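# Overview (structure and organization)
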Amino acid sequence: MANMAQAIRMALHYGEKHLGVTDVFGEDVGPPLGGVFTATQGLKTSWNSPLDERGIIGTAIGLALAGQKPVAEIQFCDYIFNTIDLLKIAGNTTWSSNGEWCVPMVVMTPVGSGIRGSIYHSHSFDAMMTHIPGWKIVMPSTPLDAYGLMLAAVRDPNPVMYLKPKALLRVRGEELIPGEPADEKTLKEMIDAPLGDRSRWKPRWPALQDHAVEIGRGRVRREGSRLTVVSYGRTLPLCLQAAEKLAAEENVEAEVIDLRSLWPYDWDLIAQSIRKTRKVLFVNEDTEVTNFGEHLLRRAVEDFFYELDAAPRLVAGAHIPGIGLADSLEMASVPQMPSIFQAMLELAREVP
Amino acid sequence: MANDTPEARHLKVAKAQPGFRLAPELLLRMHDLMVKTRVLEERLIKMYKQNDGFFWIGGPGEEAFNVALGLLIRKGSGPKFDYFHGHYRSAGVLLAMGAEPLDFIRQMKCVASDPFSGGRNFSGHSSIRKWNVVPISSPIEVQFSMAPGTAMANKRAGKAITIVVGGDAGSAEGDFSTALVWSSRPADPLPLLMAVTNNKWGISTPAEGQHGDRLISERGTAFGIRSETFNGNDPEEAYARLAEIMEYVRAECRPALIEAYVSRLYGHSSASGANFVAEEEDPIKIFETRLEREGLISRKRIEAIWSQYGDEMLKHAQQARHEPQPDPKSIWDHVYCGQKGRAGRYV
Ligand SMILES: Cc1ncc(C[n+]2csc(CCOP(=O)(O)OP(=O)(O)O)c2C)c(N)n1
């Protein structure tokens, strides 16, 4: 099974071949490296940009306005902050021009902690990004969803922000991407660039098939009746682990929803689950003040105040300026399995 | 320059005309468009002062350069045609391309029929997709970061170029360097014309407090970019220099940087009063004196042009005054491509 980086690569290949992708570009995105996380190796339309994030976003806008289909990368989301006004322009051009122009572009960028990235390789971007209207925003937590969301992002006529949870990029999936060889080693031989001289290397792409994951649709990853946990990205697998532990130790079944799309998001799926469980916990790792989970929390309160059996909660990152490098610091700064488990346990035990 | 382009023909014919480099019909056409642009801007200023608009910003004083540029753009839709990334002083470019003055007046009045933004944006913030006029937005210099993208598409389609324009103070923004760097990489040079309209001001701060480069155009030299500085208040000079350099960008598929000196005749915007500044040189007055002296036009004819456009713009303003404001419900339209109306709680 592919890992997430390979899944993204295969999706971009599918995009080049079948969906009109014209440019996959950014810092070190083209040959020989193919991206600092290898997600763009071997692609026909990939190229290396200058080290200039504003130029990357601006050029993507220009390409999109001129009828191309760019997928631009910001090497780490920690370096996307100086492009905020350009992200706003990408998001407001259709609206400002009263519908005259569309801006079909994808920006992808690795986000979050989990690789001991210290202060400038651990930022999250979901809270900031969900403050910029006009974009669609997705964040997969499995390779299959990573593949499907990229196909949907590339097909979308709007700007789509594709957040890559960097802690999960090397994690293998449990579901087969349609067309990929089941054997990891075979896949690696086909599409991973070799070490050393790559100048003559060409990938052998498997016969990939379409698999769109509609933007705006979440997915129930674990069914349960006692409480609802909504998460995305790196913290999603931690929520699943915590749910297994809760079932094993406390005999409490938690429902875990992978939001997958942050904007628009699948409120129907969340609402359905809350109606069933009457308890809800939101989990993500961005700093917790004016966090996207706070918005979801507000909606849960407004829509379900009289139906809830417990105060809805948010587990998120500490509101501190950065994530320190030392193991002890990183673990204390962003949600880990034990803190998620603890919040789930408290929620389960709370009685009205 | 290739001999078979319309621009070259204008230049050639003009050689026969004493005192001028350009063909008489072109000179008169430019004069007409310059007056049209000026009268439009002055009508917009009046509208602002009469409470028929919230804010005015525009380009009176830049007509010579802007009209020349607009006449030289190869307009059309898609990468086979030129892309234009202007700024809030670009009305003259668009009128020379054939835009309707009424549309600028509608935007000033924020009526629903404003074709640039449906009443959403300031005056001078145009957008004309059918001619590749990319939406003008307020943040200074961002167009210089977007222009490499359309220029890449032009390069792929062949023979079309991207033109990006900004002010002198704005050249301090990183986006200006972005355009220099991205357009001149040896691995992928781009057909991009970068133009700085230098009015020697950034709002209230004179050039001395803005930047110390001897010439802004010299910044192109370090990148091997063909760079030129000229008097943008002389329509002939502007047209001839632009024609040549645009032909270079087109034919060689390489970038160029120009710096054109222009005037700022009504100050920065309505925020600084929008009053006439007598010390600034007026390109139309200078041009008219020459045209008259060389016998190309009479004073009477000049006055007739001014008054004809005066009447026309007044009529447009009266019309726009009676057009409906945007429907409040329309705030939800076009958040996304093709969207009409509200789709959900937040979208
Ligand atoms: C990024 C940004 N910063 C500040 C402003 C406010 N502002 C509007 S126009 C202007 C001055 C621009 O001067 P210049 O680039 O010389 O162009 P000019 O207006 O003189 O044509 C400023 C500071 C802005 N619109 N955008």
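Just so you know, these numbers come straight off a predicted model, no measurement behind them.

### Looking at the pattern of salt bridges
Here the structure, examined in full by the defined rule, presents 48 salt bridges over all chains. Each of Arg21(B), Arg226(B), Glu228(B), Glu237(B), Arg241(B) and Glu244(B) takes part in one network of salt bridges that share partners.

### What to know about a nonpolar patch on the surface
Residue and element names in this part refer to chain A. Side chains of Val301, Phe305 and Tyr306 sit close together on the surface and give an oily, nonpolar patch of about 390 Å² of accessible area. Mapped onto the elements of the fold, Val301 is located in helix 9 (residues 292–304). A residue is classified by how much of its surface remains accessible, and Val301, at 32% relative accessible area, is partly exposed.

### Things to note about the site of the ligand
All names here are of chain B. Around the ligand, the surrounding shell holds 16 residues, and the nearest of these are Tyr88, Arg89, Ala169, Gly170 and Trp201. Interatomic distance of 3.0 Å between a backbone N/O atom of Ile140 and a nitrogen atom of the ligand. The contact in question runs from an oxygen atom of the ligand to an N or O atom on the backbone of Trp201, over 2.9 Å. Protein contacts shield 72% of the accessible area of the ligand, which totals 590 Å² for the unbound molecule. Counted by class, the shell around the ligand contains six nonpolar, seven polar and three charged residues.

### Here we look at the nonpolar core
Formed by 74 residues in total, the largest nonpolar core has its most connected members in Ile61(A), Leu87(A), Met105(A), Phe125(A), Trp135(A), Met161(A) and Met194(B). Here this core gathers at least three residues from each of two domains, domain 1 (4–191) and domain 2 (219–349) of chain A. If we ignore the near neighbours within four places in the chain, the residues touching Met105(A) are Ile57(A), Ala60(A), Ile61(A), Ala64(A), Pro70(A), Ala90(A), Trp135(A), Asn158(A), Pro159(A) and Val160(A). With 69 residues, the next largest nonpolar core counts Leu33(B), Ala91(B), Val133(B) and Met246(B) among its residues.

### A word on the sheet that holds strand 1 (residues 83–85) of chain B
Residues and elements named next belong to chain B. The sheet built from five strands is open, its strands ordered 1-2-3-7-6 with parallel pairing. Across the chains shown, the open sheet's two edge strands, defined by having one partner strand only, are strand 1 and strand 6 (226–231). The sheet shows a mean angle of 15° between the axes of neighbouring strands, direction not considered. Taken together, the three bridges between strand 1 and strand 2 (residues 162–167) define a ladder with parallel strand orientation. The residue bridging Tyr83 from the neighbouring strand is Thr162, located in strand 2. Relative to the sheet, helix 6 (residues 142–157) contacts strand 1, strand 2 and strand 3 (192–198), its axis offset from that of strand 2 by approximately 170°.

### Overview of the domain arrangement of chain A
A common way to express how large an interface is: the accessible area buried when the components associate. Residue and element names in this part refer to chain A. Domain boundaries assigned for chain A yield domain 1 (4–191) and domain 2 (219–349). Computed over C-alpha atoms only, the centres of domain 1 and domain 2 are separated by 26 Å. Taken together, the contact between domain 1 and domain 2 spans 30 residues of the former and 26 residues of the latter. Summed over both partners, the interface of domain 1 with domain 2 comes to about 2,300 Å²; 52% of that surface belongs to carbon and sulfur atoms. Considering only the side of domain 1, the residues that lose the most area to domain 2 are Ser113, Arg116 and Met139, jointly responsible for 25% of the buried surface there. At the boundary of domain 1 and domain 2, one finds five salt bridges. Those elements that provide at least two residues to the side of domain 1 that touches domain 2 are helix 4 (126–129), strand 5 (136–138) and helix 5 (143–155). Its residues assigned to classes, the side of domain 1 that touches domain 2 shows 14 nonpolar, 11 polar and five charged.

### Re the packing of helix 10 (residues 283–293) of chain B against helix 11 (residues 299–321) of chain B
Helix-helix packing: each pair is described by the crossing angle between the helix axes and the interaxial distance. All names here are of chain B. At their nearest, the axes of helix 10 and helix 11 sit 10 Å apart, and the two run at 145° to each other. Judged by residue contacts, Ile284, Lys285, Glu288 and Glu292 of helix 10 engage Arg299, Ile302 and Trp306 from helix 11. Classifying every residue of the contact of helix 10 with helix 11 by side-chain character gives three nonpolar, no polar and four charged.

### What to know about the interface of chain A and chain B
Listed as interface residues are 45 residues of chain A and, on the opposing side, 38 residues of chain B. On the surface where chain A and chain B come into contact, there are four salt bridges. Of the charged contacts, one joins Glu302(A) and Arg345(B) as a salt bridge, the two residues approaching to 2.7 Å between their closest N and O atoms. Inspection of the chain A/chain B interface yields 19 residue pairs in polar contact (both at pLDDT 80 or more).

Thresholds, definitions, all that
Residues numbered from 1 in each chain as written. Chains lettered and ligands numbered in written order. Predicted model: local features only at pLDDT ≥ 70, side-chain atom pairs only at ≥ 80, totals over all residues. Heavy atoms only, no water. Salt bridge = Lys/Arg side-chain N within 4 Å of Asp/Glu carboxyl O. Patch = residues over 30% accessible without salt bridge, like charges linked within 9 Å, V, L, I, M, F, W, Y side chains within 5 Å. Areas by Shrake-Rupley, 256 points an atom, 1.4 Å probe, with all protein chains shown as cover. Helix = DSSP H or I, 4+ residues; strand = E, 2+ residues; numbered from the N terminus. Buried < 20%, exposed > 50% of the residue type's maximum accessible area, 1.4 Å probe, protein only. Near = heavy atom within 4 Å. Polar contact = N/O pair within 3.5 Å; in protein donor to acceptor, adjacent residues only side chain to side chain. Nonpolar A, V, L, I, M, F, W, Y, C, P; charged D, E, K, R; others polar. Core = buried A, V, L, I, M, F, W, Y, C linked by side-chain atoms within 4.5 Å. Domains from an automatic or database assignment. Contact = heavy atoms within 4.5 Å. Pairing = 2+ DSSP bridges. Axes fitted to C-alpha atoms, helices over the stretch in contact; angles between N-to-C directions. Buried area = accessible area lost by both parts, 1.4 Å probe.

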